[in-house]
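Fold and contact review
The primary structure of each chain is shown beneath.
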Amino acid sequence: LLEEIAAFINDKKVAKQFTLSGHSIKTYDLPILCKRYLANMLPIPELIDNSGLKPWEISSIDTLELLKMSSFNSESLMESCLLLDVKSSKSDDVDGSKVSDIYYSDVDNIKIISNYCSDDVLATLNCLLRMLGWDVVDKIENK
């Protein structure tokens, strides 16, 4: 999976057309990914390797950072969704704290986690769209 991610984000066409973005991507997602590359003795893709960079040199868009508005307070993705009137990816069935338990359970866990992550991506996208003053989307087309 890590090699597939690297192949995707190292693709010159992808790098030109897209900017990595997410909620807490700079302080959670990218560092975790980089550590997984290190743990598996794989090269860290340049696009996600932020080690040694100053905060203003990191090109990723982080909705957590945008919504902080230079304050010390930060909102969770769920709080950001509430603030921006965006449908949240969180439900009674699944939230981030339950992913590990679901993964190691006997149910069809990968499908549940995949759906949860896809909903998280949609919620984050819609928060960013709302901050830009654009309309939100109902779904993301997979090609």
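Refer to the structure presented above.
Predicted model, so just to flag it, every value in this text is computed and none were measured.

**Section: the overall build of the protein**
In terms of helices and strands, the protein carries 7 helices and 2 strands. Counting from the amino terminus, the protein carries its helices and strands in the arrangement α-α-β-α-β-α-α-α-α. Its C-alpha atoms give the protein a radius of gyration of 16 Å, near enough to 15 Å, the size a compact globule of 143 residues would have. Each principal axis of the C-alpha atoms in the protein carries an extent, and together these give about 45 × 40 × 35 Å. The long-range share in the protein, meaning contacts at least 24 apart out of those at least 6 apart in sequence, stands at 57%. Taken as a whole, the protein presents about 10,600 Å² of accessible surface, with 56% of it coming from carbon and sulfur. In the protein, which carries 15 positive and 23 negative side-chain charges, the distance between the mean positions of the two groups comes to 6 Å.

**Topic: the packing of helix H5 (residues 77–84) against helix H7 (residues 109–131)**
Taken N-terminus to C-terminus, the directions of H5 and H7 make an angle of 45°; their axes are 10 Å apart at the nearest point. Accordingly, the angle class assigned to the pair H5 and H7 is oblique. In terms of crossing hand, the pair formed by H5 and H7 is left-handed. In contact with Leu77, Ser80, Cys81 and Leu84 of H5, H7 contributes Asp120, Ala123, Thr124, Cys127, Arg130 and Met131. Among the residues making up the contact of H5 with H7, the classes are represented as 6 nonpolar, 2 polar and 2 charged.

**Quick notes on the pattern of salt bridges**
Scanning the entire structure with this criterion turns up 1 salt bridge. Its salt-bridge partner being glutamate 65, residue lysine 26 comes within 2.9 Å of it at the nearest N-O pair. A residue pair is termed long-range when its members are at least 10 positions apart, and lysine 26 in helix H3 (residues 25–39) and glutamate 65 in helix H4 (residues 63–68) qualify at 39 residues.

**A closer look at the nonpolar core**
Formed by Leu2, Ala6, Ile9, Ile25, Leu30, Cys34, Tyr37 and Ile48, the largest nonpolar core amounts to 8 residues. Elements supplying a minimum of two residues to this core: helix H1 (2–10) and H3. Ranked by residues supplied to this core, first place goes to H3 with 4 residues. Among all residues touching cysteine 34, those that are not within four sequence positions of it are Ile44, Ile48 and Asp49. Membership of the second largest hydrophobic core comes to 7 residues, among which are Leu77, Leu84, Val86 and Cys127.

Each value, and the rule that gives it
- Residues numbered from 1 in each chain as written.
- Predicted model: local features only at pLDDT ≥ 70, side-chain atom pairs only at ≥ 80, totals over all residues.
- Heavy atoms only, no water.
- Helix = DSSP H or I, 4+ residues; strand = E, 2+ residues; numbered from the N terminus.
- Rg over C-alpha atoms; globule rule 2.2 N^0.38 Å.
- Contact = heavy atoms within 4.5 Å.
- Areas by Shrake-Rupley, 256 points an atom, 1.4 Å probe, with all protein chains shown as cover.
- Lys, Arg positive; Asp, Glu negative; His and termini not counted.
- Charge placed at Lys NZ, Arg CZ, Asp CG, Glu CD.
- Axes fitted to C-alpha atoms, helices over the stretch in contact; angles between N-to-C directions.
- Parallel < 35°, antiparallel > 145°, perpendicular 65-115°, else oblique.
- Left-handed = near helix turned anticlockwise from the far one by under 90°.
- Nonpolar A, V, L, I, M, F, W, Y, C, P; charged D, E, K, R; others polar.
- Salt bridge = Lys/Arg side-chain N within 4 Å of Asp/Glu carboxyl O.
- Core = buried A, V, L, I, M, F, W, Y, C linked by side-chain atoms within 4.5 Å.
- Buried < 20%, exposed > 50% of the residue type's maximum accessible area, 1.4 Å probe, protein only.

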